[in-house]
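# Per-entry structural report
Here is what each chain is made of, one letter per residue.
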Amino acid sequence: MSHYRTLSQREHVEMLSSGPPTPGQQQWAGKDDFIDMYRDQSSPIPINRSNENIYAAPGTRTPLKMSRAPRSRRTKWLIALAVLIVVAVAVAVPVALTSGKHKNNAVSSSGSNGSNSTSGGSKGGTSNGATNGTSGSVVTLDDGTTFTYVNDFGGDWAANPTDPFAAGGKAQSWSKRVGAEQWVWGTDVARGVNLGGWLVTEPFIVPALYEKYINTSSIAIVDEWTLSIAMGANLAKEMEDHYKTFITEQDFADIAAAGLNWVRIPIGFWAIETINDEPFLVGTSWSYFLKAIQWARKYGIRIYLDLHALPGSQNGWNHSGKFGTVNFMHGVMGIANAQRTLTYLRILTEFVSQDQYRDVVGIVGIVNEILWATIGEQAVQSFYYAAYEAIRKASGNGAGAGPYIAIHEGFQGPAIWEGFLAGADRIALDQHPYLAFMNDQTSTLEQFAAKACSWAIATNQSSKAFGVTVGGEFSTAINDCGLWLSGIGSTPQYPNCAQWDNWSAYTPSVISSLKEVTLASMDALQNFFFWTWKIGNSTVLNTSSSPLWHYQLGLQQGWVPKDPRDAIGKCASVLGSAQIFDGNYPATATGSSISGGIDAAQTSSHAFPPPTISPTFSGNDITLLPTYTATGTIKTLFAPTFTSAPSAAVGVGWANSNDRDPAYVPVAGCQYPNAWDAVNATLPTSTCTGA
């Protein structure tokens, strides 16, 4: 959920072009203006960089206990009718779940094991080894434990151990079955959550993971980079234990039960590789992403895969992997880091574009929360065009040819993106509006709901003029309260956080008003992804101190709706009138028409590399910036293995055999500055051509 979380977080938008604030202070800005809705003016906030006394005194809290509301009773005549229907269905020919397509060139892959959970129970069924069930059936997990699948929205799950790519589940009666029914933007509505803090950790989401080391290490732990160093020899075990327990198969079932049908999964580049002294655990997060694909298929969930952490850091915040300076499309190593990222985007796209996975992974986000104010419009849009070209060369063009490509709006609002890469094939615009970082300490909850509804106008207009527009992140929070929300040691701007941290003391009136904020945000953004599904408990506070970012908790306590469809029409009633989007996107936005291609004026004005790179490079200096060379051996990501289907065609990791361009790698014999700390590095006086 990037953005609000790092030692300098949400201050984001108004960060000076010279780079993110120093570790000792946090900035933040913004006007209560529609287009500038992500920015608010504020004074610096002190940050305690030491690892001592980092906890505020907790208020009265109780540990989180999740429970499921009992299903409503049925009248006797409905029970009798249901029995008749069940009998009729039992003697009818069952509806077949169609198998997914397979490639003939698949090979056996080493790597993570796929999900092989099986199920049974009174409402489960089997056919040729396939298992499926409706509400009330029992799911047995890999470790032998079980849980009861409960879905009050007519959803079902489906998994075939001997054919792992067969059609999967249906999240709700109104959502499309994965692998059997095609998702149609403009007709189908994405209601989703982020799985933040899982494959890219964030201190405020998984505080216990950080607390274990933060007071026992001499290293100042502020991000996954420093946490990885502090873990030392325990890195592999600690991180895999986290991956294994923080998000599980049951979470996917619960997400469907909450009326949701998409998840956005942040991932770091270290899922593919690391170089030099980058300390991250390599590859293991990818094995858990593969599990996520299988779980999503089983429970009818679709995935938006977001490259959340890029080489060099695209925003200098902790959720980019490393807190500090921005070295992506900025500074001496800015172009080289971007080139490396282009290779990684090709690798990810080639994998998820394979027939076995493309029905689950429908969107790939190329960069999370790029710091526009530091990098600059020209450089941001230059990279976006280069990424688009690399991905579409890999996937091909037109509906069904690879995923939608999501670009983040840079906290500039959707309006300025109208016309960008006009004619491009299936680009989605991702906006992250947050009430929490407006530095508004006076509005009532009712006024915050109205502010959220104002987002609807830009969302509707962007949908009409640009194309698919999603709210990739938002929350119910109306202030920056919460342990480490803006980074380890950060101090909230809001003066009285105790009343918001102590969620167990919320009155029914407060809960009702917070729910209105949630509903208004959902309705305004339309296709949305709440940040985030869960917040882990602090071992010091014994609870979650960021309750309004915690979908599960809100669902239990009542400020998140049991049925997200309750949001429909909320903003129409608040605003009185609104520009309505009729579901008709521009033809190229959905891949139905690609004949014209991108407007020539757009391609010529967004060349990569751009003519200028911040902070001060232009002209001949651009030619002297260190770059990588496209001469390396391209890597492919490993596929899952299935114990019940050892011969399953899992793919070779590469969808397009005609995409043969090499990987960007360092030029042999050339010396490069530190790719993560090169903003002020000395510019070479000549171009290095290697040994």
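The shown structure was predicted, so the numbers you read here are calculated from the model rather than taken from an experiment.

## Notes on the overall build of the protein
The helix and strand tally for the protein stands at 17 helices and 20 strands. The buried share among the 691 residues of the protein stands at 59%. Taking as baseline every contact in the protein between residues at least 6 positions apart, the subset at least 24 positions apart corresponds to 75%.

## As for the layout of surface pockets
One number sums up the size of the second largest pocket: a volume of about 740 Å³. Around the second largest pocket, the lining is made up of 31 residues, and of these Gln182, Trp183, Arg358, Asp359 and Gly400 lie nearest the centre. Here the residues of the lining of the second largest pocket sort into 12 nonpolar, 11 polar and 8 charged.

## Some thoughts on unusual backbone geometry
Cis rather than trans, the peptide bond between Trp531 and Thr532 has omega equal to 10 degrees. One can find Thr532 in the loop between strand 16 (528-530) and helix 14 (551-557). Backbone torsion omega between Phe608 and Pro609 reads -5 degrees, so that peptide bond is classified as cis. Within the element layout of this structure, Pro609 appears in the loop between helix 16 (600-605) and strand 17 (612-613). A positive phi is found at Met329, a non-glycine position, where the angle reads about 55 degrees. If you trace the backbone, Met329 turns up in the loop between strand 11 (302-309) and helix 7 (334-352). Look at Glu369: it is not a glycine, yet its phi comes out positive at around 45 degrees. When you line up the elements, Glu369 lands in the loop between strand 12 (361-365) and helix 8 (372-375).

## Quick word on the pattern of salt bridges
For the coordinates displayed, the defined rule picks out 21 salt bridges. Arg264 is the salt-bridge partner of Glu473, the closest N and O atoms lying 2.8 Å from each other. Of this pair, Glu473 sits in the loop between strand 15 (469-471) and helix 12 (498-501) while Arg264 sits in strand 10 (residues 262-268); the two residues are 209 residues apart in sequence, bridging distant segments of the chain. Comparing Glu473 with Arg264 shows no difference in burial state: the two are buried. Across the salt bridge formed by Lys570 and Glu516, the nearest N and O atoms sit 3.1 Å from each other. One end of the pair, Lys570, is in helix 15 (residues 570-575); the other, Glu516, is in helix 13 (residues 508-525), with 54 residues separating them in the sequence. Judged by relative accessible area, which is 18%, Lys570 ranks as buried. By sharing partners, the salt bridges in this structure join Arg264, Asp306, Asp430 and Glu473 into a single network.

## Some words on the packing of aromatic side chains
A full pass over the atoms with the stated rule returns 40 aromatic pairs. For the pair Tyr384 and Trp417, a centre-to-centre distance of 5.6 Å together with 25 degrees between the ring planes defines the contact as stacked. Of the two residues, Tyr384 sits in helix 9 (residues 377-395) while Trp417 sits in the loop between strand 13 (404-408) and strand 14 (427-431), which places them 33 residues apart along the sequence. Of the two residues examined, Tyr384 and Trp417, each falls in the buried class. An aromatic cluster of three or more residues is present, and its members are Phe165, Trp286, Phe289, Phe351, Tyr357 and Phe642. Lying across the ring of Tyr288, Lys291 places its NZ or CZ 5.7 Å from the centre.

## Thoughts on the packing of helix 10 (residues 445-453) against helix 11 (residues 455-465)
Contact pair helix 10 / helix 11: the axes reach a minimum separation of 4 Å and the direction vectors enclose 15 degrees. With respect to helix 11, the element helix 10 is oriented roughly parallel. Of the residues in helix 11, those touching helix 10 at Lys451, Ala452 and Cys453 are Trp455, Ala456 and Ile457. Residue composition of the contact of helix 10 with helix 11, by class: 5 nonpolar, no polar and 1 charged.

## Side note on helix 7
Since there are 3.6 residues in each turn of an α-helix, residues three or four apart along the chain are aligned in direction. The end-to-end C-alpha distance of helix 7, which contains 19 residues, comes to 27 Å, matching closely the 27 Å that a straight helix rising 1.5 Å per residue would cover. When you tally the buried positions in helix 7, you get 19 out of 19 residues, the bulk of the element.

## Looking at the pairing of strand 10
Strand 10 sits mainly inside the fold: 7 of its 7 residues count as buried. Neither face of strand 10 is left uncovered, since the one carrying Trp262, Arg264, Pro266 and Gly268 and the one carrying Val263, Ile265 and Ile267 both have all their residues buried. Here strand 9 (residues 191-194) pairs with strand 10 via 3 bridges, running parallel. Counterpart to Asn194 in the pairing with strand 10 is Arg264. Across 7 bridges, the pairing between strand 10 and strand 11 is parallel. Note on strand 11: the bridge partner recorded for Val263 is Ile303.

## A closer look at the environment of Ile229
Note on placement: Ile229 falls in helix 3 (residues 224-231). Each C-alpha atom, one on Ile229 and one on Ile219, is 8.1 Å from the other, the two residues being 10 residues apart in sequence. Setting aside residues up to four positions removed in sequence, Ile229 forms contacts with Ile219 and Pro279.

## Thoughts on the side chain of Asn194
Tracing the backbone shows Asn194 in strand 9. Ignoring any residue separated from it by four or fewer positions in sequence, one finds Asn194 in contact with Arg264, Gly472, Glu473, Phe529, Phe530, Trp531, Thr532 and Trp533.

## Focus: the state of the cysteines
Within this structure, the stated rule accounts for 3 disulfides. With its sulfur 1.9 Å from that of its partner, Cys670 forms a disulfide with Cys688. Disulfide Cys670 to Cys688: torsion about the S-S bond roughly -100 degrees, handedness left-handed. Of this pair, Cys670 sits in the segment after strand 20 (663-665) while Cys688 sits in the segment after strand 20, and the two are 18 residues apart along the sequence.

## Comments concerning the side chain of Asp440
Along the polypeptide, Asp440 turns up in the loop between strand 14 and helix 10. Reaching out from Asp440, the side chain makes a polar contact with the side chain of Ser443 at a distance of 2.5 Å. A polar side-chain atom of Asp440 sits 2.2 Å from a polar atom in the side chain of Lys451.

## Some details on the confidence of the model for the protein
Considering every residue of the protein, the mean pLDDT works out to 84; 80% of them sit at 70 or more. Overall, residues 1-129 carries pLDDT values under 50, and its contacts beyond four positions in sequence, including any with other chains, amount to 365 contacts.

## Thoughts on the environment of Leu260
Relative to the assigned elements, Leu260 resides in the loop between helix 5 (249-257) and strand 10. Assessed through its relative accessible area of 0%, Leu260 is described here as buried. Ignoring anything within four residues of it in the chain, the contact list for Leu260 reads Ala171, Gln172, Arg191, Gly192, Val193, Ile255, Ile301, Phe528, Trp533, Tyr551 and Pro564.

Each value, and the rule that gives it
- Residues numbered from 1 in each chain as written.
- Predicted model: local features only at pLDDT ≥ 70, side-chain atom pairs only at ≥ 80, totals over all residues.
- Heavy atoms only, no water.
- Helix = DSSP H or I, 4+ residues; strand = E, 2+ residues; numbered from the N terminus.
- Buried < 20%, exposed > 50% of the residue type's maximum accessible area, 1.4 Å probe, protein only.
- Contact = heavy atoms within 4.5 Å.
- 1 Å grid on protein atoms, 1.4 Å probe; cavity = no way out; pocket = protein on both sides within 12 Å on 5 of 7 lines; lining within 4 Å.
- Points joined across faces, edges and corners; volume = space filled by probe spheres on them.
- Nonpolar A, V, L, I, M, F, W, Y, C, P; charged D, E, K, R; others polar.
- Salt bridge = Lys/Arg side-chain N within 4 Å of Asp/Glu carboxyl O.
- Phe/Tyr/Trp six-rings, centres within 6.5 Å; stacked < 30°, edge-to-face > 60°.
- Lys NZ or Arg CZ within 6 Å of the ring centre and 35° of its normal.
- Axes fitted to C-alpha atoms, helices over the stretch in contact; angles between N-to-C directions.
- Parallel < 35°, antiparallel > 145°, perpendicular 65-115°, else oblique.
- Expected span 1.5 Å × (residues − 1).
- Pairing = 2+ DSSP bridges.
- Disulfide = S-S within 2.5 Å.
- Polar contact = N/O pair within 3.5 Å; in protein donor to acceptor, adjacent residues only side chain to side chain.
- pLDDT = per-residue confidence, 0-100.

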